[in-house]
Amino acid sequence: MPQDPMDFEWSYWIEWGRERILWLLAGHLLVSQMSRLLVEKYKPWCLMVYGMAACWLLLGIKGFAVILLHAAISFAVAQFQLSLLTWLCSLILLSTLRIPAVEEAKRKWYNTENEYYLLLFTVSVRCLFCTSFSLEYCWHGPTQKSSHSFPWMLAYVFYYPTFHNGPLMNFDEFSKQMRRQEAFSVKTNLSILIVGIIRIFFWWCLAELMIHLMYIHTLYSSALPLESASYWALGGLALAQVLFFYVKYLVLYGVPGLLIQLDGLKPPALPCCVSLMHSFTKMWRLVIALLICHFTCRYIYVPMGGSQSSLLGTLLSTALTFAFVSYWHGGQSYLWYWGALNWLGVIVENGTKRILSVSLIQDVI
């Protein structure tokens, strides 16, 4: 039975995975385990060199140069130690991905659209990594600058398991864990690898069954079946879509998460099952925006005051968070609507919680 062709993301990454990325991830695993076994002290630099080589192989010299240039510019701007200037630099670099003339020039570097999209997705995710490093550099004192050198930035930016599609690790988490030297056990790592592969294979089979049997995305692409469906059917379709999203990212983030764990690091948490969610805020944090939720919380929401500021400050920090997420995903009009509706949902839920926490209302309840 043919699969649902309308979920571009799943088809795209599965195709790339089968062709090259899984093999390059296997190469990373081999380099990582050998360096942990023989030269633990130099593990970050071994993995950095491997990541650069993998980037060069997949994206070519020009794609490699673009990512290296982004890192160099971000590092140079970070020397001023001004968070606002760092953010301005990051947004400008991100905006260059959407300049028509630049897009057309980059397309000519490759033979297929898929190769160009791989560069686009990779650079978008690398922008987050460059921003994380630069902001951490701005926030740390002179005594800690040695741990925020340009070589460490390259080790972070070119760390291959998170290279093309995430998930995101903040620089401080990556640096501290990568510096930590632990006892290495081949037997323990082998058991982690076998169990991890079995789990990921199960999730992949489940996702393939869903995409071959349910045709959720094809139904959403046509207005006619949606207009004729009952409200119960529409609710079921919506639930089916977010369940597939959840299973899809168990695979897409489960693979790099397994490699991160085998590297001796703590991988970012996988998404939680949507069927267990009853809070819209938790749904957004733990499922919908898993890739950059921790990023936006650490670098936008909390610095702007977050829930600890006034009502207006909370509204502003939440709005800026959703605005950045919408812009980072591409900035199309439908993404701004999506961000606005998510912002509204979070505000309504948190506002209701505040009202219900008033002692008078509590007494009535």
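Rules behind the numbers
Residues numbered from 1 in each chain as written. Predicted model: local features only at pLDDT ≥ 70, side-chain atom pairs only at ≥ 80, totals over all residues. Heavy atoms only, no water. UniProt positions renumbered as here; feature names shortened; annotations may be inferred. Domains from an automatic or database assignment. Contact = heavy atoms within 4.5 Å. Buried area = accessible area lost by both parts, 1.4 Å probe. Salt bridge = Lys/Arg side-chain N within 4 Å of Asp/Glu carboxyl O. Polar contact = N/O pair within 3.5 Å; in protein donor to acceptor, adjacent residues only side chain to side chain. Helix = DSSP H or I, 4+ residues; strand = E, 2+ residues; numbered from the N terminus. Nonpolar A, V, L, I, M, F, W, Y, C, P; charged D, E, K, R; others polar. Buried < 20%, exposed > 50% of the residue type's maximum accessible area, 1.4 Å probe, protein only.

Going by the annotation in an unreviewed UniProt entry, the name recorded for the chain is HHAT palmitoyltransferase, with Dicaeum eximium given as the source organism. As recorded by UniProt, the Sequence similarities (unreviewed entry) comment attached to the chain reads in full: "Belongs to the membrane-bound acyltransferase family. HHAT subfamily."

Enquirer: Would you explain the domain arrangement of the chain in this entry?
Expert: Size of an interface, as often reported, equals the accessible area lost when the parts are brought together. The domain boundaries assigned to the chain delineate domain 1 (8-180) and domain 2 (271-364). Taken together, the contacts link 20 residues of domain 1 with 13 residues of domain 2. Carbon and sulfur atoms make up 68% of the area that domain 1 and domain 2 hide from each other, which totals about 1400 Å². When the area that domain 1 buries against domain 2 is broken down by residue, the three leading residues are Trp87, Arg98 and Leu128, summing to 38%. On the surface where domain 1 and domain 2 come into contact, there are 1 salt bridge. Glu136 is the salt-bridge partner of Arg298, the closest N and O atoms lying 2.6 Å from each other. Our count for the domain 1 to domain 2 interface comes out at 7 residue pairs in polar contact (both at pLDDT 80 or more). Ranked by residues supplied to the side of domain 1 that touches domain 2, first place goes to helix 5 (residues 113-139) with 8 residues. Grouping the constituent residues of the side of domain 1 that touches domain 2 by class yields 10 nonpolar, 7 polar and 3 charged.

Enquirer: Help me out: how do you make sense of the pattern of salt bridges in this one?
Expert: Between side chains of opposite charge, a pair can form as their charged atoms come close. Applying the stated criterion across every chain, the model contains 5 salt bridges. Salt-bridge contacts for Lys248 lead to Glu9; the nearest nitrogen and oxygen are separated by 2.9 Å. Taken together, the residues Lys248 in helix 11 (residues 231-262) and Glu9 in helix 1 (residues 8-38) connect sequence positions 239 residues apart. The buried category is assigned to Lys248, whose relative accessible area is 4%. Look at Glu9 and you get partly exposed, because its relative accessible area is 23%. Residue Glu113 is joined to Arg107 by a salt bridge in which the shortest nitrogen-to-oxygen separation is 2.9 Å. Under the relative-accessibility criterion, Arg107 is labelled partly exposed at 26%. In this structure, a network of salt bridges that share partners links the residues Asp7, Glu9 and Lys248.

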